[in-house]
Amino acid sequence: MTRPFFLAFSAALLASTSLVASLPARAAAPDPKAILTTYADIGEAGYADAVAGAEKLKTAVDSFLAAPTDANLKAARQAWIDSRVPYMQTEAFRFGNPEIDDLEGNVNSWPLDEGLIDYVDTNSYGTKSDSNPLYTLNIIANKSLKIGNQTIDASKITGELITSLQSAGDNEANVSIGYHAIEFLLWGQDLNGTGPGAGNRPASDYDTKNCTHDNCDRRADYLRAATDLLIDDLKKMEAVFAKDGPGRKRLLDNPEEGLGAMFTGLGSLSYGELAGERTKLGLILHDPEEEHDCFSDNTHNSDFYDEKGMVNVYTGTYTRTDGSVIKGPSLKDLVAAKDAADAKRVDDAIKAATDAMTVLKQRADSGKEAYDQMIGPDNPEGNKIVQNVVDTLVAQAKAWEAAVAKLNIKITVEGSDSLDNPSAVTQ
């Protein structure tokens, strides 16, 4: 569970004095509106690439459902992995942009109690949860759903139905849509614990002629509907930063607050979210259920591209899926114009975090060890690699903290009990 973490810097908000006026008169200091324009351009392009990735995923899913073979399932899984590359680079736009945060829950919520959606292995998953009455609701198997005092007609699985069940019972673990619901539908549960191997759902779970685990037609309807919803929600995110989008307008109308939003997103993702909730928590507990992409064992890629997304925002540079590059005035330019020592500190911290992420990614890509194995107990070598990711992400956030203090910008960054009060997560 996260809690606010306040960076230590000047408490004075910029009021009547503009940011430009507060900076030294140097030609290299960029106009805040130019920085924010670059930021919005990268946001629009990043979400457009995420839409394109999701549309390729839909094509692969449709091909698989038309012919549910092992080869087509493998292709759909790869399309899901590929679609994560542009999306994860957009996560640096979270936390500081309310329009994005309002949509993000439908796109990338985790962790999820997968028994809400489909069959599970009860030996490992259990049959009930004290914290979630809908732990084994199994939408796919049941045409009528009982939620509290309400009975819901689920005779036909549609986008409207599964959207209505997102966070059902006001429980965040009831994730019915988004990337991770689709991931579960493609891979199934990872029953390997901290041992080798990912989820291994058979293609026959979708083969109506030779169906395994029943309800193959409804499972196909669910996968199809969830994929369509993902595309729709990503398009809404893209529109936030379009030329006439509400996010772009908000940022440019309030440039001082806009710069704060940029640093808030970077600090919150680096510190509380990625270093804390997604990494340190699982390492403390040695729990593969705390792995972000836990069904596919793709966490190393998602983490790596989260870091890349933060670098994109800070440097004002984004390489699109088609190879074209967006580049413009950046926070990096702003920090360098204010204080060369701070600029070097941030550059060094970014390099260290990127290097740590690269080691993590290369270890997993090589087949030596997946992320959930690295966080396992009695694995000092793997644990050390993951801990280095945590440490460098924290240092990166603190380097931005120092730069923010010199710029006299006020931000509030998400924290994490895993970092701020680790004893609380083991109780």
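Residues numbered from 1 in each chain as written. Predicted model: local features only at pLDDT ≥ 70, side-chain atom pairs only at ≥ 80, totals over all residues. Heavy atoms only, no water.

(A) Representation of the overall build of the protein within the structure. When helices and strands are tallied, the protein shows 16 helices and six strands. Radius of gyration (C-alpha) of the protein: 22 Å, near the 22 Å computed for a compact globule of 427 residues. Judged by the C-alpha coordinates and their principal axes, the protein covers about 75 × 50 × 45 Å. When each of the 427 residues of the protein is scored for burial, the buried share is 56%. Within the protein, residue pairs in contact and separated by at least 24 positions form 73% of the contacts whose partners lie at least 6 positions apart. About 17,500 Å² of surface is accessible on the protein, with carbon and sulfur atoms providing 51% of the total. Of the side-chain charges in the protein, 41 are positive and 65 negative, and the distance between the mean point of each set is 4 Å. (Helix = DSSP H or I, 4+ residues; strand = E, 2+ residues; numbered from the N terminus. Rg over C-alpha atoms; globule rule 2.2 N^0.38 Å. Buried < 20%, exposed > 50% of the residue type's maximum accessible area, 1.4 Å probe, protein only. Contact = heavy atoms within 4.5 Å. Areas by Shrake-Rupley, 256 points an atom, 1.4 Å probe, with all protein chains shown as cover. Lys, Arg positive; Asp, Glu negative; His and termini not counted. Charge placed at Lys NZ, Arg CZ, Asp CG, Glu CD.)

(B) Structural context of the pattern of salt bridges. Going through the model one piece at a time under the given rule, you end up with 31 salt bridges. As a salt-bridge pair, arginine 94 and glutamate 91 come within 3.1 Å of each other at their nearest N and O atoms. Each of the two residues, arginine 94 as well as glutamate 91, counts as buried. Between glutamate 369 and arginine 363 there is a salt bridge, and its shortest N-O distance comes to 2.8 Å. In this structure, glutamate 369 and arginine 363 share a single accessibility class: buried. (Salt bridge = Lys/Arg side-chain N within 4 Å of Asp/Glu carboxyl O.)

(C) Spotlight on the packing of helix H7 (residues 179-187) against helix H8 (residues 216-240). It is the contact of H7 with H8, at a shortest axis distance of 9 Å, that shows an interaxial angle of 150°. When the axis of H7 is compared with that of H8, the two are roughly antiparallel. Relative to H8, the crossing made by H7 is left-handed. Note on element contacts: H8 touches H7 through Arg219, Tyr222, Leu223, Ala226, Thr227, Leu230 and Leu234, opposite Tyr179, Ile182, Leu185 and Leu186. Of the residues belonging to the contact of H7 with H8, the class tally is nine nonpolar, one polar and one charged. (Axes fitted to C-alpha atoms, helices over the stretch in contact; angles between N-to-C directions. Parallel < 35°, antiparallel > 145°, perpendicular 65-115°, else oblique. Left-handed = near helix turned anticlockwise from the far one by under 90°. Nonpolar A, V, L, I, M, F, W, Y, C, P; charged D, E, K, R; others polar.)

(D) Local environment of the packing of helix H2 (residues 32-66) against H8. Packing of H2 against H8 leaves a shortest axis separation of 8 Å and a crossing angle of 165°. One finds that H2 runs roughly antiparallel with respect to H8. Relative to H8, the crossing made by H2 is left-handed. For the contact of H2 with H8, the per-class residue count stands at 15 nonpolar, one polar and eight charged.

(E) Examining the nonpolar core more closely. Within the largest apolar cluster, 114 residues are counted, with the highest numbers of intra-cluster contacts made by Tyr87, Leu186, Tyr222, Leu223, Leu234, Phe263 and Leu331. In terms of residue count, the dominant contributor to this core is H2 (15 residues). (Core = buried A, V, L, I, M, F, W, Y, C linked by side-chain atoms within 4.5 Å.)

(F) Region of interest: the confidence of the model for the protein. Mean pLDDT for the protein: 93, with 93% of residues reaching 70 or above. Taken together, the stretch residues 1-27 has pLDDT below 50 and engages in 56 contacts with residues farther than four places along the chain or on a different chain. (pLDDT = per-residue confidence, 0-100.)

(G) Fine view of the pairing of strand E3 (residues 150-153). The pairing of strand E2 (residues 144-147) with E3 spans four bridges and is antiparallel. Residue pairing in the sheet places serine 144 in a bridge with aspartate 153 of E3. Between E2 and E3, which follow one another and run antiparallel, lie two residues, and glycine 148 among them has a positive phi close to 65°. (Pairing = 2+ DSSP bridges.)

(H) Inspection of the packing of aromatic side chains at higher detail. This structure, assessed with the given rule, holds 13 aromatic pairs. For the pair tryptophan 80 and tyrosine 179, a centre-to-centre distance of 6.5 Å together with 80° between the ring planes defines the contact as edge-to-face. Here the residue tryptophan 80 occupies a position in helix H3 (residues 70-89), and tyrosine 179 occupies one in helix H7, the gap between them amounting to 99 residues. For the pair shown, tryptophan 80 and tyrosine 179 are each scored as buried. Seen in terms of ring centroids, tryptophan 80 and tryptophan 187 are 5.4 Å apart; in terms of plane orientation they differ by 75°. Their pairing is edge-to-face. Taken together, the residues tryptophan 80 in helix H3 and tryptophan 187 in helix H7 connect sequence positions 107 residues apart. The residues tryptophan 80 and tryptophan 187 share a single accessibility class, namely buried. Through a chain of ring-to-ring contacts, three or more aromatic side chains come together here, namely Tyr39, Tyr47, Phe93 and Phe241. The ring of phenylalanine 184 is capped by arginine 201, whose NZ or CZ atom sits 5.1 Å from the centre of that ring. In this arrangement the basic side chain of lysine 361 is found over the ring face of phenylalanine 304, its NZ or CZ atom lying 5.7 Å from the centre. (Phe/Tyr/Trp six-rings, centres within 6.5 Å; stacked < 30°, edge-to-face > 60°. Lys NZ or Arg CZ within 6 Å of the ring centre and 35° of its normal.)

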